Each structure stands twice: as C-alpha cells, then as structure tokens.
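Secondary and tertiary structure notes
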Amino acid sequence: MTIYGDYWWVQWRPGGLYWAQRAAGDDNPSREGECPDWESLPAPPGARLALSVPGDGVRIHTVSVPTRPRRRFLAALPFALEDQLFLPQETYHFVPLSQAADRSSTPVAVVERDRMTRWVKEVEQRGWRLEMLIPEYLSIPEPEPGAWLLDGTATPLLLRFPETAGGAALNSGIESQPPGALLLALEQAPQLPRRLEVRVRGQEQRERVGDWQSRLGDFDIELEQLEADLSRPAWLARQPLPARSCNLLTGSYKPGKERLLQARRFIPATGLAAALIVVLAAQWLLENARIRAEHERLTQAIEATYREAFPDAGNLVEPRHQMEQRLIAMGRPPGDRDQAQTDVLAWLERLAPFTGAGTNLRLRAFSFDDRRIVLELSLPDFEALEDLQKQLAESMRVNVENVELRDGRVHSRIHLERQA
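Residues numbered from 1 in each chain as written. Predicted model: local features only at pLDDT ≥ 70, side-chain atom pairs only at ≥ 80, totals over all residues. Heavy atoms only, no water.

Side note on the sheet that holds strand 1 (residues 7-13)
Inclusion rule: Two strands are counted as paired when DSSP detects at least two bridges linking them. Where helices and strands are cited, they refer to DSSP runs of H or I of at least four residues and of E of at least two residues respectively, numbered from the N terminus. To get an axis, fit a line to the C-alpha atoms, keeping to the stretch in contact for a helix; angles then go from 0 to 180 degrees between the N-to-C directions. Any pair of residues with heavy atoms lying within 4.5 Å of one another is described as a contacting pair.
Read across the sheet, 5 strands follow the order 3-2-1-4-8 without closing on themselves; strand pairing throughout is mixed. Of all strands in the sheet, those bounded by a partner on one side alone are strand 3 (31-35) and strand 8 (129-135). Here the average twist between neighbouring strands, direction ignored, is 20°. Relative to strand 2 (residues 16-22), strand 1 runs antiparallel, the two being bridged by 7 bridges. Note that in strand 2 the partner of Val-10 across the bridge is Trp-19. Packed onto the sheet, helix 2 (residues 113-124) meets strand 1, strand 4 (48-53) and strand 8 and runs at close to 145° relative to strand 8.

See the structure below:
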C-alpha cells in the first residue's frame, strides 16, 4: 500500500509508542523516536498515520468459502468462523487478507470491535488521519515462498507467513526449545515450509535457537538464523507498508467515513482563502470605483473640448463620435470642388514648409471657411513678411492685411485662396 506524501508510522506497544516520520516511496525515516503516550507524539494536527498494533489482539483464521460474489462472502464469514470464536460473532470485525478469487482458502483477520474502536478513537480524537491499521506481525516483510520468518528479538515472538497468508504473535521468548505455539502452527499447516528463518540478536539467542535444529528436523525444516543489527521497532519502521488487503480499516472503519475529521484539516487553509477573497474583492471594488471616476472625468473633458471647438453644437450623445464626424465634415465641402484644394488638412500640409521648424515665423491662429484660409502670423521684420508673401503668391492668391509692429515683431493677417 502507498500513502502519498509524508506520513507517520507508529507502533503501539505496552510501554508506549515508537514513531517514525516517512515520505512516500522512501523506506528510511527522516526522523524517529519513542514517546510514553499519545499526548507526547510530535505529529502535527492533520498528519496521516499508519498504526501498527499489538499482534496478540488480532488472530488470523483460514476459511474455505467461495469469495464471489463479494457481498455474500463477507456475510458468510462470521458463520464460517463461528466455531473458532470465543465471543458472539457480532462483537468481531472480519477482514479478508487476500482478494484473489482463485484461492481454495482465504486468510481472515479477526479482531474485537471494542479494540478497533479504541485504536481508531485514540488517533482521530487528536486530529490525526488514520490511513492504515495493521497488526505488528504484518509489518514484517513477506518471506520468500516456502519459508517462514520468526522475529525473536523481543517478546512476544512475531511469526510471518509468505504470500499475504498472515502471521501470528507467539506469547513466549527465545528458549532452548522451539515455542509450543510454533510447533502447533507447523502441525496444523496445510503445507510445511522448507525453511524457518529466525531473526536473533546476540550470542545467547543464537545459541538457544541453534538447539532448535534437532526438533525442527522432525518436520524436515531447515533452520536459518538472521543476525539483527536493529531493534524490532527500528527495523519495522524501515520496512515497506504491507499490501492494501492487510489494512484492518474496512467496513465501518474505512478512512473517509468521518467527513468532519477530514474537513478539520482544511479549516485553516479555508479561512486564509476566504480572507484573501475578501481582500481581493475589496481591492476590486476600490479599483472599479477609481476607473469609473476616471471615466467620468475623461467624458466630461471630452464634452468640454467638443463644446469649446464647436460652440454651436446642440445635444451631446457620443462626444467622441460626434467630434470625429464634425472634423470629417470640415474636410468635405459641398459641390464638386476639388477636395485637395478645400481640405483644411491639405492646406496645412501645403503651408508646413513655410511655418515649420527652422523658420522664424510663428503661427498664432488660423481659420478656414471652405473657400479660404486666414492665418495670423508673427514675423521678425517687414522683409520677412515680404519674402513670405512672394513665396506664397507662387501657388495661391495672397492678401495681406492688418500689418503692425508690436513688441519688436511684425504681426499680420494673411488671406490665402486657390488661384484660378
């Protein structure tokens, strides 16, 4: 099973908790440690947990019941196991450990509902999200086919079978003889393993386990000892998560049933998002009001400019469009007269060489009445006026009037008309 993103692997032991913070796809914890109780667990609110619980609270039985259809198979499990249960069947939670349809028998984990409720409640009431719950012996990696793996580094001993067939917690330690529960499991096994791998730690355990060989020889089982360099909790914290089918969180305990717990994780982010939306909405309203005020100011300025340019204008509907049409109309005189001779823009283009940059002539004002253009000019002296008159007379009729000397410059009004 894969848990996406960071999560906390927690082993619940009688003496406290062992925890390891892990990232998805990385078996090595980024940090790990021990704490005496749940209040001391350093996981932040909303953290996702994979919880390993004591194996003696979860027993695995094998049933031979058709697995299809699925609903009927689950309904038949309590009755198939009725003879092996100590309490009424409704007090237990049943979890098939294999989803394969072609199996002749299916391992089923059985745990009391009171235990499940307590385990789940311990996590959820503190604001964490429980993603996986497994007995500690299922945290041991599956051994190769034909082998059983026994971890003897701590009590109880943990036994793991291959191919998700489950395991067991044996309430005994390493002695000079194999545990009775192990021998009983071998006698009841439908198929004996070829090899028993025992994880030991220290010279004393190695010597005791070595004495098992004679007893295991009766079953024709090879004994192999694995030297442990880590304690059981640290070793389990570095193992990949077991298959999804090993997760005891099924049925009414399936993650996602409690929507309130999941929603609680998003409350801070939702509050920040709502505050951000309020701020953005306020900024948008202020910006919209500023744009409206600017638009109103520009509209009034356009209207004022239009009325200043065309005092005879009547009703204003669209000042920009009306001004554009009036300017176009000024360049289109009635009749069949040549537009190039009457267009005010054409007149200004023809006068540009005489009034442009580099000349000492200043154009103070001009007017146009479809027939002629009147210029009010300021020149440095009378000679400049006479030269300008001669230049203009080459291409148009020129009539000079109101010539006077004022402030050291010659001021004059010149009427220009098209030559015949």
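Digging into the pattern of salt bridges
It is possible for side chains bearing opposite charge to pair when their charged atoms get close. Stated precisely, the cut-off is as follows: The working definition used for a salt bridge is a side-chain nitrogen of Lys or Arg within 4 Å of a carboxyl oxygen of Asp or Glu. Type-normalised accessible area, obtained with a 1.4 Å probe on protein chains alone, sets the label of each residue: buried when under 20%, exposed when over 50%, and partly exposed for intermediate values.
Scanning the entire structure with this criterion turns up 22 salt bridges. Note that Glu-32 is salt-bridged to Arg-238, the shortest N-O span being 2.4 Å. You can see Glu-32 sitting in strand 3 and its partner Arg-238 sitting in the loop between helix 6 (232-236) and helix 7 (259-265), a full 206 residues away along the chain. Taking the relative accessible area as the measure of exposure, Glu-32 reaches 28% and is therefore partly exposed. Exposure remark for Arg-238: the relative accessible area of 25% places this residue in the partly exposed category. Salt-bridge contacts for Arg-364 lead to Glu-376; the nearest nitrogen and oxygen are separated by 3.6 Å. Linking Arg-364 in strand 14 (residues 362-368) with Glu-376 in strand 15 (residues 372-379), this pair joins segments that are 12 residues apart in sequence.

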